[in-house]
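Geometric and topological summary
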Amino acid sequence: MADAKVIPFDDDRDRSRGSGASGAAAGRGPSGEGRAARTGRSGAAQPSDTAGSASGSGTASDPGATSGPGAGLGGRRRSGRTGRRSPLTTVPGTQPDAAEEAEEPPEQGGPDRSGPGAGPEGSDPAEGGAEPEGLLERVLGTDWETRAARGLAFLRRRLTGEYEVDDFGYDQELTDQVLMTLLRPVFEKYFRVEVRGVENIPADGAALVVANHSGTLPLDGLMLQVAVHDHHPADRHLRLLGADLVFVLPVVNELARKAGHTLACAEDAQTLLERGEVVGVMPEGFKGLGKPFADRYKLQRFGRGGFVSTALRAGAPIVPCSIVGAEEIYPMVGNSRTLARLLGFPYFPITPTFPWLGPLGAVPLPTKWTIQFGEPVPTDDYPPEAAEDPMLMFNLTDQVRETIQHTLYKLLVRRRSVFF
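Described below are features of the structure shown in this document. Everything numeric here is computed off the predicted structure, so don't read it as measured data. Each chain carries its own residue numbering, running from 1 in the direction its sequence is written. Given that the model is predicted, a residue must reach a pLDDT of at least 70 before its local features are reported, and side-chain atom pairs must reach 80 or more before they are shown or counted; all residues, however, enter totals for whole chains, interfaces and linings. The side-chain figures draw on all heavy atoms in the structure; neither hydrogens nor water molecules are used.

**Regarding the environment of Val324**
Secondary structure counts use DSSP, requiring at least four H or I residues in a row for a helix and at least two E residues in a row for a strand, with both numbered from the N terminus. Tracing the backbone shows Val324 in strand β6 (residues 318–324). Along the primary structure Val324 and Lys368 are separated by 44 residues, whereas in three dimensions their C-alpha atoms are 8.1 Å apart. Contact partners of Val324, with chain neighbours within four places excluded, come to Tyr297, Lys368, Trp369, Thr370, Leu408, Leu411, Leu412 and Arg415. Residue contacts are counted whenever heavy atoms from the two residues lie within 4.5 Å of one another.

**Some thoughts on the pattern of salt bridges**
Just to be clear on terms, a salt bridge is a Lys or Arg side-chain nitrogen sitting within 4 Å of an Asp or Glu carboxyl oxygen. The final tally for this structure, using the stated rule, is 14 salt bridges. Between Arg196 and Glu194 there is a salt bridge, with the nearest N and O atoms lying 3.1 Å from each other. By relative accessible area, Arg196 is classed as partly exposed at 27%. A salt bridge links Glu388 to Arg313; its shortest N-O distance comes to 2.9 Å. Relative accessibility decides the category of a residue: with a 1.4 Å probe and only protein chains considered, values under 20% of the type maximum give buried, values over 50% give exposed, and everything between is partly exposed.

**Observations regarding helix α8 (residues 172–190)**
Bend is computed residue by residue as the angle between axes fitted to the seven residues ending at the residue and the seven residues starting at it. The sharpest bend along α8 reaches about 45° and sits at Met180. Within α8, the full set of buried residues consists of Glu173, Leu174, Thr175, Leu179, Met180, Leu183 and Phe187. Those residues of α8 hidden inside the fold are in contact with α7 (144–160), β1 (194–196), α9 (219–231) and α10 (250–258). Side-chain atoms alone can form a polar contact between residues adjacent in sequence; in general such a contact is a pair of N or O atoms within 3.5 Å, and within protein one must be able to donate a hydrogen while the other accepts it. N-capping of α8 is provided by Asp171, with a side-chain oxygen placed 3.4 Å from the backbone N of Glu173. Arg192 lies just past α8 and shows a positive phi near 50°.

**Section: a nonpolar patch on the surface**
A grouping of Leu249, Val252, Leu339, Leu342, Leu343 and Phe345 is seen on the molecular surface, where their side chains present a nonpolar patch of about 510 Å² in accessible area. Considering each element in turn, the nonpolar patch owes the most residues, 3 residues, to helix α14 (residues 337–343). For Phe345, the location among the structural elements is in the loop between α14 and β8 (349–350). Each patch is built from residues that are more than 30% exposed by relative accessible area and take part in no salt bridge. Like charges join if they lie within 9 Å; nonpolar side chains (Val, Leu, Ile, Met, Phe, Trp, Tyr) join within 5 Å. Computed with a 1.4 Å probe, the accessible areas rest on the Shrake-Rupley method; for each residue, only the protein chains presented here act as cover.

**Describing α7**
End to end, α7 covers 24 Å across 17 residues, agreeing with the expected 24 Å (1.5 Å per residue, within 8%). Two residues or fewer after α7 comes Gly161, characterised by a positive phi angle close to 80°. In this scheme, a helix's expected span is set at 1.5 Å multiplied by one less than its residue total.

**Some words on the side chain of His213**
By the secondary structure assignment, His213 is in the loop between β2 (207–211) and α9. Setting aside its immediate chain neighbours within four residues, His213 contacts Pro218, Asp220, Met282, Glu284, Gly285, Gly288, Leu289 and Lys291.

**Points about empty space enclosed by the protein**
Cavities and pockets were defined on a 1 Å grid built from protein atoms only: a cavity is a group of points that admits a 1.4 Å probe but offers it no way out, a pocket is an open group of points flanked by protein on both sides within 12 Å along at least five of seven lines, and a lining residue is one with an atom within 4 Å of any such point. Grid points are joined across faces, edges and corners, and a volume is the space filled by probe spheres set on the points. The tally for this structure, following the rule as stated, stands at 4 cavities of 30 Å³ or more. Reported here for the second largest cavity is a volume of approximately 50 Å³. The wall of the second largest cavity is formed by Ser214, Gly215, Thr216, Gly288, Leu289, Lys291, Pro292, Phe293, Arg296, Glu327, Tyr330 and Met332. Here the residues of the lining of the second largest cavity sort into 5 nonpolar, 4 polar and 3 charged. For this scheme, ten residues count as nonpolar: Ala, Val, Leu, Ile, Met, Phe, Trp, Tyr, Cys and Pro. Four count as charged, namely Asp, Glu, Lys and Arg, and the remainder, Gly too, count as polar.

**Observations concerning the packing of α7 against α8**
Running from amino to carboxyl end, α7 crosses α8 at an angle of 135°, the nearest separation of the two axes being 12 Å. In terms of their interaxial angle, α7 and α8 are classed as oblique. Here α7 runs over α8; the crossing is left-handed. Contacts from Phe154, Arg157 and Arg158 of α7 reach α8 at Glu173, Leu174, Gln177 and Val178. Split into classes, the residues belonging to the contact of α7 with α8 amount to 3 nonpolar, 1 polar and 3 charged. A fitted line through C-alpha atoms serves as each axis, taken over the contacting stretch for helices, and the angle formed by two N-to-C directions is quoted from 0 to 180°. Orientation is classified from the angle alone, with under 35 degrees giving roughly parallel, over 145 giving roughly antiparallel, 65 to 115 giving roughly perpendicular, and any other angle giving oblique. Crossings are sorted by hand: turned counterclockwise from the far helix by less than a right angle, the near helix makes the crossing left-handed, and turned clockwise it makes it right-handed.

**Points about the pairing of strand β5 (residues 278–281)**
By the alternation rule, side chains of β5 split into Val278 and Gly280 and Val279 and Val281, which are all buried. DSSP bridges decide pairing: two strands pair if at least two such bridges lie between them. The pairing of β2 with β5 spans 4 bridges and is classified as parallel. Bridge pairing links Val210 to Val281 in β5. In this structure, strand β3 (residues 238–242) lies alongside β5, joined through 3 bridges in parallel fashion. Residue pairing across strands places Arg239 opposite Val279, the latter belonging to β5.

**What to know about the nonpolar core**
Only buried Ala, Val, Leu, Ile, Met, Phe, Trp, Tyr and Cys residues count toward a nonpolar core, and they belong to the same one when joined by side-chain atoms within 4.5 Å. Grouped together as the largest cluster of nonpolar side chains are 30 residues, with contacts concentrated most on Leu208, Val210, Phe307, Val308, Leu312, Ile318 and Ile404. Put simply, the parts of the chain that give this core at least two residues each are β2, α11 (266–274), β5, α13 (306–314), β6 and α15 (390–414). Ranked by residue count, the leading element in this core is α15, at 7 residues. Beyond its immediate chain neighbours, meaning those up to four positions away, Phe307 contacts Leu208, Val210, Val281, Pro283, Phe302 and Thr397. With 27 residues, the next largest nonpolar core counts Val193, Leu224, Ala227 and Leu240 among its residues.

**Overview of the sheet that holds β6**
Spatially, β1-β9-β6-β2-β5-β3-β4 is the arrangement adopted by the 7 strands of the open sheet, whose pairing is mixed. Of all strands in the sheet, those with a lone pairing partner are β1 and β4 (262–263), marking the two edges. Bridge count between β2 and β6: 4 bridges; the pairing is parallel. By the bridge assignment, Val209 is partnered in β6 with Val319. Lying on the sheet, α13 is in contact with β2, β5 and β6; it crosses β2 at an angle near 165°. Packing against the sheet, α15 makes contact with β1, β2, β6 and β9 (370–373), and its axis sits at approximately 30° to β6.

**Observations regarding the pairing of β3**
Of all 5 residues making up β3, 5 are buried, and the element is well covered by its neighbours. Alternating residues of β3 divide into Leu238, Leu240 and Gly242 and Arg239 and Leu241, and every residue in both groups is buried. Note that β3 and β4 share 2 bridges and pair parallel. Bridged to Leu241 within β4 is Thr262.

Structure below.
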């Protein structure tokens, strides 16, 4: 019997083509089926099986045979799960490749994920195997744990009553973490308020901010408060002076007190200024808030100058403030005086959308706002008895009013559109 020859092949495709005949011949031998069953289970042929094959079929066993009923005898198996080759079977007279001998088949649990870019414990982030912590960081931010702990501590203090409120009812913690958080999207996204000259408010000490008032509903006061709270470099807080009606309404009263608002009277304003607070006042009152749309951006009378007297007594500078954009949120084209008397309101507005659209008509138009703070008017150079001089109060009141009016005209000239 001639010695068996081992014919080298360059690639797997040549092996498969060259082994078809020998595989078929091996399958026809009397011991081919049993030999195929043994090699199919173990993946390696025994030396006795090799000898039996040579004598039973009359042909030399081909170590490259990979097809036919006797496939697996001295050949390479394909892994149907991973597509990777199993180690070479050991056949007398042949030496397996060292690189393939070192290669081990993957575990039965799934495809091999080891290699560059593999995540912890074999997870692949690109295939959705990200850990829950990474998902929370992408959704809530990298500091989500700190913010969650701060929120839980805030709720605990609310439930146990361990928070501070001053004698006016101002709750600074609630204002900073809840009220400003609710108003900030309206300020930044809806009205897109542009703030200018906020550094004219002193970094410390008392100051009196005097602004125009408009818009049918007092949203301009709330946006003014957010502007000072979020944009002042020294993180000052604005304490607004409100009308009597604000502190009569059931829910509005509580929210206004919590936000730091107080009654527009000389005593409260004097107390806040002496404490070094930034106080905001809108001297036009309901005359400016409820004026018709045809009189927009025309300042109404500033009262009798009581805010100037208060600033003179406290020696606080007066900061004029001009607000553009609030006049158009509710274009007031009419006023139902009958409904106003029945409801106890100073006016009952009629706009192009209210009351015709019901609650939907109460949604303000998304106008573009600008809030500009002017140069402060100092009052600390005047003597204490200057607060009783009516002529001085009239001159200072007129000076502040004219400054606000001229600034409004300048902002309107520069404005390209009401909404953009």
